[in-house]
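# Structural features, examined
Now for the letters of each chain:
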Amino acid sequence: ENAIQFGKAVLLENVGEVLDAALEPLLAKQTFKQAGSLCIKLGDAVVEYSDGFRFYITTKLRNPHYAPELCTKVSLLNFMTTPEGLEDQLLGIMVAAERPDLEEEKNKLIISGAANKRKLKETEDEILRVLSSSSGNILEDEQAVNILQSSKILADEISTKQKIADETEQMIDQAREEYKPVAHHSSLLYFTVTDLATIDPMYQYSLRWFVDLFTRAIADSMKSPDLPTRLQLLNNHFTYFLFQNVCRSLFEKDKLLFAFTLALKLKLDTGEVRQQDLRFLMTGGIAVGDLPQPNPAPDWISDKCWGELCRASDLGPAWQGLATHVAGMLAWLPTANLRLSLSAREGC
């Protein structure tokens with residue numbers, strides 16, 4: 001109530017998908033005039049409402065769903081880390097550690113570019129002011145002509161400086177791009193770690209913690225004058241370093257699952273594992289119609305399993321001919337069983 005009355009900010013943390021009904025007057029801003037003052041009813045009390053009052057609500061839910069009527073009353077901001085945003089942040093950290101000269105020059109160009117744009121905007125505003133305030137023939141107004149000429153010269157100088165700055169920035173960005181594989185690799189690792197929360201809500205890891213580990217890995221990993229070698233050494237070191245630190249906080253039963261998901265994420269990114277192959281191994285595919293080939297050994301292999309083998313044969317070159325190969329091996333079963341029986345009798 002004091003914050004509402006004196007225009008202070010209030011932060012409500014860790015809410016769920018349903019908010020308390022008592023907050024409805026605040027969310028809908030149900031204000032009214034009483035004795036010449038702007039007021040709002042909060043529960044049974046009526047308090048003065050200040051325009052400076054701000055109400056912030058946060059949630060830790062990964063993917064919350066709020067009712068449409070609530071969304072119309074508030075401004076929703078998603079502060080979740082995106083892969084692109086994290087890559088850019090990690091790239092800046094990496095370049096600042098490995099090539100501080102590039103990162104410093106990049107920051108200077110950003111500041112000078114913003115200053116140039118501001119000056120250009122001020123120059124344009126000045127030209128518009130002179131044109132709007134001039135009466136009669138502007139060519140006869142010596143002061144206005146001088147202002148326009150000086151503004152034009154300044155605008156040309158700013159445009160020239162900005163063009164040079166843009167070219168320099170492009171060269172710096174090209175040099176920074178050489179370090180992008182590490183940023184991309186590390187971004188994959190971060191989102192693999194955050195996915196652990198779907199296994200157990202207790203597995204929560206902050207971005208600050210991850211960035212600190214990344215910074216330590218840059219400092220502790222082996223150095224090399226060859227850039228590709230250096231990047232590969234850093235990727236290998238950070239992957240193992242992160243795996244060790246995460247495993248310290250995992251239950252023993254979840255460590256193997258984490259190792260699998262980590263390896264799978266990296267293999268999917270490099271294309272060594274295809275998404276359709278993974279989907280098939282997880283679900284077995286969808287059976288449509290009759291079996292493309294008859295089951296060669298119904299007593300030994302079920303129709304469901306044989307259907308999955310046939311569907312796997314159509315996934316791609318790596319799986320091609322799998323069903324035919326298995327059928328050929330199954331053709332040897334009767335002979336193999338007979339040999340085993342004869343061997344058993346001879347042994348007796």
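Here we summarise the structure given alongside this text. (Residues numbered from 1 in each chain as written. Predicted model: local features only at pLDDT ≥ 70, side-chain atom pairs only at ≥ 80, totals over all residues. Heavy atoms only, no water.)

## Re the nonpolar core
We apply this condition: Think of a nonpolar core as a cluster: buried Ala, Val, Leu, Ile, Met, Phe, Trp, Tyr and Cys residues, connected wherever their side-chain atoms sit within 4.5 Å. Summary of the burial criterion: residues with accessible area below 20% of their type's maximum are buried, those above 50% are exposed, and those between are partly exposed, where the area comes from a 1.4 Å probe applied to protein chains only. Think of it this way: any DSSP run of H or I at least four residues long counts as a helix, any run of E at least two long counts as a strand, and we number them from the N terminus. Working rule for contacts: check all heavy atoms of both residues, and any pair within 4.5 Å makes them a contact.
Core analysis: the largest hydrophobic core is formed by 38 residues, its most contacted members being Met-94, Phe-238, Leu-242, Val-246 and Phe-258. Residue assignment for this core shows that the elements contributing at least two residues are helix H4 (83-98), helix H5 (100-133), helix H6 (142-177), helix H7 (180-194), helix H8 (207-220), helix H9 (227-247) and helix H10 (252-270). Beyond its immediate chain neighbours, meaning those up to four positions away, Val-246 contacts Val-193, Leu-196, Tyr-205, Trp-209 and Phe-258. Of all hydrophobic cores here, the second largest spans 13 residues; its members include Val-47, Phe-53, Tyr-66 and Leu-70.

## Comments concerning the packing of H8 against H9
Axes are the key here: two packed helices are described by the angle between their axes and the distance separating the axes. Quick note on the threshold: All axes are obtained by fitting lines to C-alpha atoms, using only the stretch in contact for helices, and the reported angles, taken between N-to-C directions, cover 0 to 180 degrees. To sort the angles, those under 35 degrees are grouped as roughly parallel, those over 145 as roughly antiparallel, those from 65 to 115 as roughly perpendicular, and the leftovers as oblique. Left-handed describes a crossing in which the near helix is turned anticlockwise from the far one by less than a right angle; the clockwise case is right-handed. The classification used treats Ala, Val, Leu, Ile, Met, Phe, Trp, Tyr, Cys and Pro as nonpolar, Asp, Glu, Lys and Arg as charged, and all other residues, Gly among them, as polar.
It is at 9 Å that the axes of H8 and H9 come closest, and there the two elements cross at 135 degrees. With respect to H9, the axis of H8 lies oblique. Judged by the sense of rotation from one axis to the other, the crossing of H8 with H9 is right-handed. Residue-level inspection shows Trp-209, Phe-210, Leu-213, Phe-214, Arg-216, Ala-217, Ile-218 and Asp-220 of H8 in contact with H9, the latter providing Arg-230, Leu-234, His-237, Phe-238, Phe-241, Leu-242, Asn-245 and Val-246. Residue composition of the contact of H8 with H9, by class: 11 nonpolar, two polar and three charged.

## Considering H6
So the rule is basically this: Each residue after the first adds 1.5 Å to the expected span of a helix.
If you check H6, its first and last C-alpha atoms are 52 Å apart, about what 36 residues at 1.5 Å a residue would give, namely 52 Å. Among the residues making up H6, those that are buried are Ala-144, Ser-151, Ala-155, Ile-158, Gln-162, Ala-165, Ile-172, Ala-175 and Arg-176. Contacts from the buried residues of H6 go to H4, H5 and H7.

## Notes on the sheet that holds strand E3 (residues 37-42)
Let me state the cut-off plainly: Any two strands with at least two DSSP bridges between them are considered paired.
With antiparallel pairing, three strands are arranged side by side in an open sheet as E2-E3-E4. Whereas interior strands pair on both sides, the edge strands pair on one side only; in this sheet they are strand E2 (31-34) and strand E4 (45-48). Between one strand axis and the next, the sheet turns by 45 degrees as a mean value, whatever way the strands run. When E2 meets E3, the two strands line up antiparallel, connected through four bridges. Note on E3: the bridge partner recorded for Phe-32 is Cys-39.

## Topic: the packing of aromatic side chains
In plain terms, the rule: Aromatic rings from Phe, Tyr and Trp, with only the six-membered ring used for Trp, were paired whenever their centres fell within 6.5 Å, and each pair was classed as stacked if the ring planes differed by under 30 degrees, edge-to-face if by over 60, and tilted otherwise.
For the coordinates displayed, the defined rule picks out 10 aromatic pairs. Taken together, a centroid distance of 6.2 Å and an interplanar angle of 55 degrees make the contact between Tyr-203 and Phe-251 tilted. Separated by 48 residues along the polypeptide, Tyr-203 in the loop between H7 and H8 and Phe-251 in the loop between H9 and H10 bring together distant segments of the chain. Relative accessible area serves as the criterion here: at 2%, Tyr-203 is assigned to the buried category. A centroid spacing of 5.2 Å and a plane angle of 35 degrees characterise the contact between Tyr-205 and Trp-209, whose relative ring orientation is tilted. By way of ring pairs, the aromatic residues Tyr-190, Phe-191, Phe-210, Phe-214 and Phe-238 are connected into one cluster.

## As for unusual backbone geometry
Across the chain, the bulk of peptide bonds are trans and the bulk of non-glycine residues have phi less than zero. If you check the backbone angles, Asn-14 has positive phi at about 55 degrees while not being a glycine. Within the secondary structure, Asn-14 is located in the loop between strand E1 (9-12) and helix H2 (24-28). Despite not being glycine, Lys-29 has its phi angle at roughly 50 degrees, a positive value. Topologically, Lys-29 is positioned in the loop between H2 and E2. Owing to a relative accessible area of 58%, Lys-29 belongs among the exposed residues under this scheme.

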